[in-house]
Amino acid sequence: MANKSLQLWAAVLLLIGGLVHLIPALYSSLAALTGGQPWIQIIVGILSIIVALVIFAGDKGEA
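Residues numbered from 1 in each chain as written. Predicted model: local features only at pLDDT ≥ 70, side-chain atom pairs only at ≥ 80, totals over all residues. Heavy atoms only, no water.

Structural notes on the overall build of the chain
Okay, so step 1: Regarding its fold elements, the chain presents three helices and zero strands.
Okay, so step 2: Ordered by position from the N terminus, the helices and strands of the chain form the series α-α-α.
Okay, so step 3: In terms of overall dimensions, the chain is more spread out than a globule: its C-alpha atoms have a radius of gyration of 14 Å, far above the 11 Å expected for 63 residues.
Okay, so step 4: Each of the 63 residues in the chain was classed as buried or not, and the buried ones make up 16%.
Okay, so step 5: In the chain, of all internal contacts separated by at least 6 residues, the share reaching a separation of at least 24 is 52%. (Helix = DSSP H or I, 4+ residues; strand = E, 2+ residues; numbered from the N terminus. Rg over C-alpha atoms; globule rule 2.2 N^0.38 Å. Buried < 20%, exposed > 50% of the residue type's maximum accessible area, 1.4 Å probe, protein only. Contact = heavy atoms within 4.5 Å.)

With respect to the environment of Pro38
Okay, so step 1: Considering the arrangement of structural elements, one finds Pro38 in the loop between helix H2 (24–33) and helix H3 (39–62).
Okay, so step 2: C-alpha separation for the pair Pro38 and Gly18, spaced 20 residues apart in sequence, amounts to 15 Å.
Okay, so step 3: Residues in contact with Pro38, not counting those within four places in the same chain, are Tyr27 and Ala31.

Re a nonpolar patch on the surface
Okay, so step 1: On the surface, a nonpolar cluster with roughly 630 Å² of combined accessible area is contributed by Trp39, Ile42, Ile43, Ile46, Leu47, Ile50 and Val54.
Okay, so step 2: With respect to the helices and strands, Ile46 occurs in helix H3. (Patch = residues over 30% accessible without salt bridge, like charges linked within 9 Å, V, L, I, M, F, W, Y side chains within 5 Å. Areas by Shrake-Rupley, 256 points an atom, 1.4 Å probe, with all protein chains shown as cover. Salt bridge = Lys/Arg side-chain N within 4 Å of Asp/Glu carboxyl O.)

Topic: the side chain of Gln41
Okay, so step 1: By the secondary structure assignment, Gln41 is in helix H3.
Okay, so step 2: Ignoring sequence-local partners within four residues, the contact set of Gln41 consists of Val20, Tyr27, Leu30 and Ala31.

Some remarks on the environment of Val51
Okay, so step 1: Considering the arrangement of structural elements, one finds Val51 in helix H3.
Okay, so step 2: The spacing of Val51 and Pro38 is 13 residues in sequence and 20 Å in space, taken between C-alpha atoms.
Okay, so step 3: Here Val51 is in contact with Leu6, Trp9, Ala10 and Leu13, once residues within four sequence places are set aside.

Next comes the structure, spelled out in structure tokens:
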């Protein structure tokens, strides 16, 4: 059950990250929202890495 939830979070974070990089105006406006630094993009990236590591760790534990 927890794995399905993590997979959903992974898909959502991947979608958000993809849209932000696909639409330059969105990337620029998010960076402008945080004073010129892409903090929102960095946070999404960090969360994506954490979710991926948790999913990988769970897969090794089930094998």
